[in-house]
Amino acid sequence: MQLLEVINKPFMISSLIAVLSSQSMADTACITTSMVTQDIIICSQESFMKIDRILNTQYQELASELKKPLKPNLLSTQRSWIKLKDHQCDIYNDASYGREGPIERLSCIKHFTSFRLSEIIYLRTGVIGDGFYNALSIINKKITTGNHSKAIEYIGGQTDYGQPWLEYAQQNCSMALKLHGELTDECMARMRFHMQIN
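Residues numbered from 1 in each chain as written. Predicted model: local features only at pLDDT ≥ 70, side-chain atom pairs only at ≥ 80, totals over all residues. Heavy atoms only, no water.

Asks: Can you tell me about the pattern of salt bridges, naming the residues and giving the values?
Replies: According to the stated counting rule, one finds six salt bridges in the structure shown. Measuring nitrogen to oxygen at the nearest pair gives 3.1 Å for the salt bridge that ties D90 to R105. Highlighted residues: D90 in the loop between α3 (71-89) and α4 (101-125) and R105 in helix α4, separated in sequence by 15 residues. Judged by its relative accessible area of 34%, D90 is partly exposed. For R105, a relative accessible area of 25% puts it in the partly exposed group. A salt bridge links R190 to E182, with the shortest nitrogen-to-oxygen separation between them at 2.8 Å. Per residue, the accessibility class of R190 equals that of E182, and both read buried. (Salt bridge = Lys/Arg side-chain N within 4 Å of Asp/Glu carboxyl O. Helix = DSSP H or I, 4+ residues; strand = E, 2+ residues; numbered from the N terminus. Buried < 20%, exposed > 50% of the residue type's maximum accessible area, 1.4 Å probe, protein only.)

This is the structure in structure tokens:
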């Protein structure tokens, strides 16, 4: 009988915790039609959590597939990306952004997480799905009339996005060169292309 009481207590406690957590989760469900700031933040946070899980899975897969000499490069590049993301998105913590600041910050974080996910998939597969080369082809055909170098400069520009960006871009492009032979000037233009979207 005492054993049954001991077994039932943890079960009751865990059941209570499950019920309370499901109630608290129900209170914070995403309401996509709401225009209330807190609801927008909740939906945005849910969206971010999904893409962040996918990024983490892809990163772990890439890390497990890489040859040992490249693993420190991947870790260093990832740390540089985190610094870049924080540098670009933490500005929205400033009070001058008001109630919209948290929404803008989450939007920025989702953008940079999507950007990194695209790069991780590229590093894993060699398939670039970011639209850069499609845009480059159009610019090359319609504006620079076949001058590939000018098209790269036109689409990538020469904007200086600061030290965190430069550190990340150089490390990521170094990996792209080692894994897939992507030319550094094209890769750096691709990195600028992503920044212009933000």
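Asks: Please give an account of the nonpolar core that cites residues and values.
Replies: In this structure, L74, F112, W165 and M191 are the most contacted members of the largest nonpolar core, which totals 32 residues. The set of elements that each furnish at least two residues to this core consists of α2 (37-65), α3, α4, α7 (163-180) and α8 (184-197). With eight residues, the top contributor of residues to this core is α4. With nine residues, the next largest nonpolar core counts A135, L136, A151 and A189 among its residues. (Core = buried A, V, L, I, M, F, W, Y, C linked by side-chain atoms within 4.5 Å.)

Asks: Describe the environment of S47, and please don't skip the residues or the numbers.
Replies: Considering the arrangement of structural elements, one finds S47 in helix α2. Residues S47 and S107 lie 60 residues apart in sequence; the distance between their C-alpha atoms is 9.8 Å.

Asks: Before we move on, could you go through unusual backbone geometry and cite the residues and values that matter?
Replies: Here T145, not a glycine, exhibits a phi torsion of approximately 40°, which is positive. Its location among the elements puts T145 in the loop between α5 (132-142) and α6 (148-156). Residue class for T145 comes out exposed when judged on its relative accessible area of 68%.

Asks: Explain the packing of α3 against α4 to me, using residue names and the numbers behind them.
Replies: Direction vectors running N to C along α3 and α4 enclose 155°, while the axes themselves pass 9 Å from each other. Compared by their axis directions, α3 and α4 come out roughly antiparallel. Helix-helix and strand crossings are classified by hand; for α3 and α4 the assignment is right-handed. Listed contacts from α4 to L74, T77, Q78, W81, L84, K85, Q88 and C89 of α3 are R105, C108, I109, F112, T113, R116 and I120. Of the residues that constitute the contact of α3 with α4, the class distribution is eight nonpolar, four polar and three charged. (Axes fitted to C-alpha atoms, helices over the stretch in contact; angles between N-to-C directions. Parallel < 35°, antiparallel > 145°, perpendicular 65-115°, else oblique. Left-handed = near helix turned anticlockwise from the far one by under 90°. Contact = heavy atoms within 4.5 Å. Nonpolar A, V, L, I, M, F, W, Y, C, P; charged D, E, K, R; others polar.)

Asks: Explain the packing of α4 against α7 residue by residue, including any values.
Replies: A pair of packed helices is characterised by two quantities: the angle between their axes and the separation of those axes. Packing of α4 against α7 leaves a shortest axis separation of 9 Å and a crossing angle of 25°. Judged on the interaxial angle alone, α7 and α4 are roughly parallel. The two elements α4 and α7 meet at a crossing, and its hand is left-handed. Touching F115, R116, E119, Y122, L123 and T125 of α4 are Y168, N172, M175, A176, L179 and H180, all from α7. Of the residues contributing to the contact of α4 with α7, the split by class is seven nonpolar, three polar and two charged.

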